[in-house]
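# Structural features, examined
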Amino acid sequence: MSPSELAAALERARRRTEDLLEPLSDEQLTQQFSPLQSPLVWDLAHIGHFEELWLLRQVGGRSAVSPEYDELYDAFAHARGDRARLPILPPQAARAYVRDVREAVLELLPDLSRENGDPLLSEGFVVGMVVQHELQHTETMAQTLALAGLARRPSVMVGVSGEVTVPSGPFTLGSTVPWAYDNERPAHDVELPQFRIDRTLVTNRDYAGFVDAGGYSDRSVWSVEGWEWRESEHAEGPLFWDPGAQPDAPVEHVSFHEAEAYARWMGKRLPTEVEWEKAAKTVPGELEHMTGAVWQWTSSAFGGYPGFRAFPYAEYSEAFFGDEYRVLRGGSWSTDPLVARPTFRNWDLPQRRQIFSGLRCAGDV
Ligand SMILES: [Fe+2]
């Protein structure tokens, strides 16, 4: 990729960050709105630190701007709820740091666009990783703003109904695009039996039907883990879901457990992530809001595809493989289209619902 193409991608991500943060006061940037989220100014400097780490240091061979940032802005070192108490950069210094890193990166672009056999540089991969990292953090920051009641949400409505049968047969799961993450690779053929999938997302009206019919007290529709979560003190009922929300809009802020219980109450189930991707790739014209509305919970645990190889670091995805995390597919109103490709795999804990998460039902034929 040419230096100017890489510069344009970096610039696009930065504009998204700036659009989001520009209207906010210093107090809003440093406030801990929720223990589930970092203060926004942490996200901002963390974006710069990731860029410094991978582009200036790893590829560019520069030394660290400030050695203590490695620990302060390491997402694994401190829980989100503790980050406001750390000696993190205040807004003005964070902005300056992020700007200085970007200036140095732009000077380095001719080197970053070189093909020298280093897989990090192949087709601009490492720049693509930094761009997508920033774009994904803009969604994390939008979640923080939503919890603070400050999000600017577009209005998205559901306009179709019914379901589609996806015929049996093979398809290619995963991605071969140059900027795909390690967890989307290697692309490989998978054979699935036929299945049904809803043409659109579950709406607030649909979900209110479940709530009003006593779905939260109906043990039979919850899994063992779901009911345990349901019984815990934090889960008396819908929490982040807003019963006053527009009835025709997709339901949002439901946990995996709630999504699973709703689907079972409907006599349906969640799709597996493989079914979801097959539907997205083979019958896209039949389906509404596969991206651009809400992330869609699938029944799949997060794991590596056969032949998975961590690249360029295990902490991006491999560290999360196992039974604990569930995969979400699609992309929300806050997800940049560069990230929201049909092969992109998002994951989160089954109790999480501060994210922009909803569901689409599926079923056997
Ligand atoms: Fe990050």
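The notes below deal with the structure included here. (Residues numbered from 1 in each chain as written. Predicted model: local features only at pLDDT ≥ 70, side-chain atom pairs only at ≥ 80, totals over all residues. Heavy atoms only, no water.)

Time to look at the coordination of the iron ion. Distances from the iron ion to its protein donors, His46 (NE2), His133 (NE2) and His137 (NE2), fall at 2.1 to 2.2 Å. Linear spacing of the donor residues for the iron ion on their chain is H-x86-H-x3-H. Note that histidine 133 and histidine 137 are positioned in helix α6 (residues 125-147) at a spacing of 4 residues, about one turn of the helix. Residue class for histidine 137 comes out buried when judged on its relative accessible area of 13%. (Donors = N, O, S within 2.8 Å, 3.2 Å for Na, K, Ca; no water. Helix = DSSP H or I, 4+ residues; strand = E, 2+ residues; numbered from the N terminus. Buried < 20%, exposed > 50% of the residue type's maximum accessible area, 1.4 Å probe, protein only.)

Turning our attention to the pattern of salt bridges. This structure, assessed with the given rule, holds 27 salt bridges. Of the charged contacts in the structure, one is a salt bridge between arginine 16 and aspartate 336, with a shortest N-O distance of 3.1 Å. Taken together, the positions of arginine 16 in helix α1 (residues 3-21) and aspartate 336 in the loop between β6 (322-329) and β7 (346-348) put the pair 320 residues apart, joining distant regions of the chain. Given the relative accessible area of 3%, aspartate 336 is considered buried. Notably, a salt bridge pairs glutamate 273 with arginine 329, separated by 2.9 Å at the nearest N-O pair. (Salt bridge = Lys/Arg side-chain N within 4 Å of Asp/Glu carboxyl O.)

Of note, the bond from arginine 185 into proline 186 is cis; its omega dihedral lies within 30 degrees of zero at -10°. Looking at the secondary structure, you find proline 186 in the loop between β2 (169-173) and β3 (188-192). Look at the link from phenylalanine 311 to proline 312: it is a cis peptide, with omega at -5°. Note that proline 312 resides in the loop between β5 (295-302) and β6. A positive phi angle, near 50°, is found at glutamate 123, a position not held by glycine. Among the secondary structure elements, glutamate 123 is positioned in the loop between α5 (91-112) and α6. On the basis of relative accessibility, which here comes to 42%, the residue glutamate 123 falls in the partly exposed class. Look at histidine 253: it is not a glycine, yet its phi comes out positive at around 70°. Here histidine 253 is to be found in the loop between α8 (224-231) and α9 (256-265). Residue histidine 253 is classed as buried on the basis of its relative accessible area, which comes to 10%.

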